[in-house]
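Overview (structure and organization)
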Amino acid sequence: MMLALGLDDRITAVAGNYAAFPDSVAQAAEALPVIGTSMSWPSKEVLLSEAPDLVVGQSLEGFAFDTSQGYASVEQIEEGGAQVYGSNLCSSADALNMTLETPYRTLRDFGTIFGISDRAEEFIAQMTAEKQTVVDAVKGLPTQRVAFYNGGDGPLIVLAGGIYDDAIATAGGKNVFPADSVYVSKEDFAASDADVILVGTFEGQDFATLSNYITTNFPDLPAVKNGRLVEIPVADTDASISVMRGLTEIANGVHPDLNLAVPAS
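Attention in this report is confined to the structure presented alongside it. (Residues numbered from 1 in each chain as written. Predicted model: local features only at pLDDT ≥ 70, side-chain atom pairs only at ≥ 80, totals over all residues. Heavy atoms only, no water.)

**What about unusual backbone geometry?**
Stated precisely, the cut-off is as follows: Labels follow the DSSP assignment, with helices taken as runs of H or I lasting at least four residues and strands as runs of E lasting at least two, numbered in each case from the N terminus.
A cis amide bond links glycine 154 with the next residue in sequence, proline 155, at an omega value of 5°. As for its placement among the helices and strands, proline 155 is situated in the loop between strand 3 (144–149) and strand 4 (156–157). Residue alanine 51 is not a glycine yet carries a positive backbone phi of 50°. When you line up the elements, alanine 51 lands in the loop between helix 2 (44–49) and strand 1 (54–57).

Structural data, given as structure tokens:
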């Protein structure tokens, strides 16, 4: 989001990323110093040695601030003279309340912090228009039962609640699993009666392998019988600048006759 707002020169370093940057900001991201990895944040000493004025995280709690892992707590960062901002979440429990519009709040906050509110509103207007395109396209279409599978073979990992449910509902579907679901049994997945199965992939996950598992083990599901398994890069459903890309991909998967143009990443 900061790169999309043209704040390249305000970013001292990044901790590491679990997925590639969107194409629109990938070139700018190449110049950013990286002081951690996708699964290992910088230690307290490394982070504080950057002497930041502001530390931005997805939330204000969790493993990124776990002192037992050698990371700095929010309190320790503040004692070092920096402010800490949780973009999208204050606590992990807030994840169930996230929506497609959660990034708007963060973009507006960055606009206020860095004095570029006009630029932030322009970006929000673009995202709003991309969302409205999907809303208009699915209006009046029958609601489809949707499962969002993300790996595992017993129990199975599913994506539900928060931004996932909002994206599926906005795209004209209904998540077959409750909002607090993370793991479901093979029996529950088989009984879901899903019309569409979104197969969420992270970098390193193979759609063919995941979809083959589903088709082999759940041949009686309507989605399998009708060939309605659709790959969705999970990074496109994050509460960030590409979330309307993910929404459009989901809409095209839920209603395959739409063929909506997917926004650039």
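Text resumes after the structure shown.
**Comments concerning the pairing of strand 3**
Rules: We call a residue buried when its accessible area falls under 20% of the maximum for its residue type, exposed when it is over 50%, and partly exposed in between, using a 1.4 Å probe and counting protein chains only. We call two strands paired when DSSP finds no fewer than two bridges between them.
Where burial is concerned, most of strand 3 is hidden: five out of the six residues are buried. Alignment of strand 3 against strand 5 (residues 173–175), held across three bridges, turns out to be parallel. Note that in strand 5 the partner of arginine 145 across the bridge is lysine 174. Strand direction decides the pairing type here: strand 3 and strand 7 (residues 196–201), joined by four bridges, are parallel. Note on strand 7: the bridge partner recorded for alanine 147 is isoleucine 197.

**Some thoughts on the pattern of salt bridges**
Short version of the rule: We define a salt bridge as a contact between a side-chain nitrogen of Lys or Arg and a carboxyl oxygen of Asp or Glu at a distance within 4 Å.
In total, this model carries four salt bridges according to the counting rule given. Between arginine 108 and glutamate 121 there is a salt bridge, and its shortest N-O distance comes to 2.7 Å. Of this pair, arginine 108 sits in helix 4 (residues 102–114) while glutamate 121 sits in helix 5 (residues 117–138), and the two are 13 residues apart along the sequence. Glutamate 249 serves as the salt-bridge partner of arginine 245, at 3.6 Å between the closest nitrogen and oxygen. Placement of the pair is arginine 245 and glutamate 249 together in helix 10 (residues 243–254), with a separation of four residues, close to one helical turn. On the basis of relative accessibility, which here comes to 23%, the residue arginine 245 falls in the partly exposed class. Judged by its relative accessible area of 13%, glutamate 249 is buried. Because the salt bridges share partners, they merge into one network encompassing Asp236, Arg245 and Glu249.

**Looking at helix 4**
Rules: Multiplying one less than the number of residues by 1.5 Å gives the expected span of a helix.
In a regular helix each residue adds 1.5 Å, so 13 residues correspond to 18 Å; helix 4 covers 19 Å between its end C-alpha atoms and thus fits that length. All buried positions along helix 4 are accounted for by Thr102, Pro103, Tyr104, Thr106, Leu107, Phe110, Gly111 and Phe114. Glycine 115 lies just past helix 4 and shows a positive phi near 70°.

**With respect to the packing of helix 6 (residues 162–170) against helix 10**
To keep it simple, the criterion reads: With axes taken as lines fitted to C-alpha atoms, and helix axes fitted only over the stretch in contact, angles between N-to-C directions fall between 0 and 180 degrees. Relative orientations are named as follows: roughly parallel for angles under 35 degrees, roughly antiparallel for angles over 145 degrees, roughly perpendicular for angles from 65 to 115 degrees, and oblique for any other angle. Left-handed describes a crossing in which the near helix is turned anticlockwise from the far one by less than a right angle; the clockwise case is right-handed. Every residue pair with non-hydrogen atoms within 4.5 Å of one another is taken to be in contact. All amino acids are sorted into three groups, where Ala, Val, Leu, Ile, Met, Phe, Trp, Tyr, Cys and Pro are nonpolar, Asp, Glu, Lys and Arg are charged, and the leftover types, Gly among them, are polar.
Direction vectors running N to C along helix 6 and helix 10 enclose 50°, while the axes themselves pass 9 Å from each other. With respect to their mutual orientation, helix 6 and helix 10 come out oblique. Handedness of the crossing formed by helix 6 with helix 10: right-handed. The residues of helix 10 that touch helix 6, namely those facing Ile163, Ala167, Ile168 and Thr170, are Val243, Leu247 and Ile250. For the contact of helix 6 with helix 10, a count of residues per class yields six nonpolar, one polar and no charged.

**Thoughts on the packing of aromatic side chains**
Here is the rule we go by: For Phe, Tyr and Trp, where Trp contributes only its six-membered ring, two rings pair if their centres lie within 6.5 Å, and the inter-plane angle classes them as stacked under 30 degrees, edge-to-face over 60, or tilted in between.
What the rule picks out here adds up to eight aromatic pairs. Measuring from centroid to centroid gives 5.8 Å for phenylalanine 148 and tyrosine 164, while their planes differ by 85°, and the two rings are edge-to-face. Here phenylalanine 148 is found in strand 3, whereas its partner tyrosine 164 is found in helix 6, with 16 residues between them in sequence. Judged by its relative accessible area of 0%, phenylalanine 148 is buried. Measuring from ring centre to ring centre gives 5.8 Å for phenylalanine 177 and phenylalanine 189, while their planes differ by 25°; the resulting arrangement is stacked. You can see phenylalanine 177 sitting in the loop between strand 5 and strand 6 (183–184) and its partner phenylalanine 189 sitting in helix 7 (residues 186–190), a full twelve residues away along the chain.

**Re the nonpolar core**
Put simply, the rule reads: Residues belong to one nonpolar core when they are buried, are Ala, Val, Leu, Ile, Met, Phe, Trp, Tyr or Cys, and are joined through side-chain atoms within 4.5 Å.
Among the nonpolar cores identified, the biggest contains 45 residues, and Leu5, Phe148, Leu198 and Ile250 are the most heavily contacted of them. Put simply, the parts of the chain that give this core at least two residues each are helix 1 (23–29), helix 4, helix 5, strand 3, helix 6, strand 7 and helix 10. Once residues within four sequence positions are removed from consideration, isoleucine 250 is found in contact with Phe148, Ala167, Ile168, Ala171, Leu198, Ile232 and Thr237. Counting 19 residues, the second-largest nonpolar core is a separate cluster that includes Val176, Phe177, Phe189 and Val199.

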